[in-house]
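Observations on the model geometry
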Amino acid sequence: MGIILVQQINLKDIDNGFKQIQKKYNSNIIPRKGDYICDFVLNETDEYEVTKVIINYQEDYVLVWLETINLETNDKSALEEYIKTTKSHGWECNFLFIENL
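To keep things clear, this report deals only with the structure shown in the data block.

Ranked by internal contacts, the top residues of the largest apolar core, which has 18 residues, are Leu5, Ile9, Val64, Leu66 and Leu71. For this core, the secondary-structure elements that each account for two or more residues are strand S1 (2–10), strand S4 (47–56), strand S5 (61–66) and helix H1 (76–87). Once you skip the residues sitting within four places of it in the chain, Leu71 turns out to touch Ile9, Asn10, Leu11, Lys12, Ala78, Leu79 and Tyr82.

Shown next as structure tokens:
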């Protein structure tokens, strides 16, 4: 089943900006709310709590929402730099694309 991890990255004041990132996997293990997902973006201890799971059996995928990351700045360039780092670790920053899982 296709698993799509989704996470929102906020500036300190969300009105100044935010981005959503996603990463796709194929797995027979479906995460549940309260589980933790490890992904090595900034360091080897990055674990994110699963906050919401939506299963679409008809399309054979699961949306897994991870806890929001809140940056301690309102600098939009810091947000863009964070997104650039996530992209180098296989994350995408665009609207959800379900096809081609």
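And the narrative resumes.
Okay, the pattern of salt bridges next. Summed over the entire model, instances satisfying the criterion amount to two salt bridges. Lys19 is the salt-bridge partner of Glu80, the closest N and O atoms lying 3.3 Å from each other. Of this pair, Glu80 sits in helix H1 while Lys19 sits in strand S2 (residues 18–26), and the two are 61 residues apart along the sequence. Classification of Lys19 as partly exposed rests on a relative accessible area of 26%.

Attention now moves to unusual backbone geometry. The phi torsion at Asp60 lies on the positive side, around 65°, for a residue other than glycine. Tracing the sequence through the fold places Asp60 in the loop between S4 and S5. Judged by relative accessible area, which is 41%, Asp60 ranks as partly exposed.

The rules we used
- Residues numbered from 1 in each chain as written.
- Predicted model: local features only at pLDDT ≥ 70, side-chain atom pairs only at ≥ 80, totals over all residues.
- Heavy atoms only, no water.
- Core = buried A, V, L, I, M, F, W, Y, C linked by side-chain atoms within 4.5 Å.
- Buried < 20%, exposed > 50% of the residue type's maximum accessible area, 1.4 Å probe, protein only.
- Helix = DSSP H or I, 4+ residues; strand = E, 2+ residues; numbered from the N terminus.
- Contact = heavy atoms within 4.5 Å.
- Salt bridge = Lys/Arg side-chain N within 4 Å of Asp/Glu carboxyl O.

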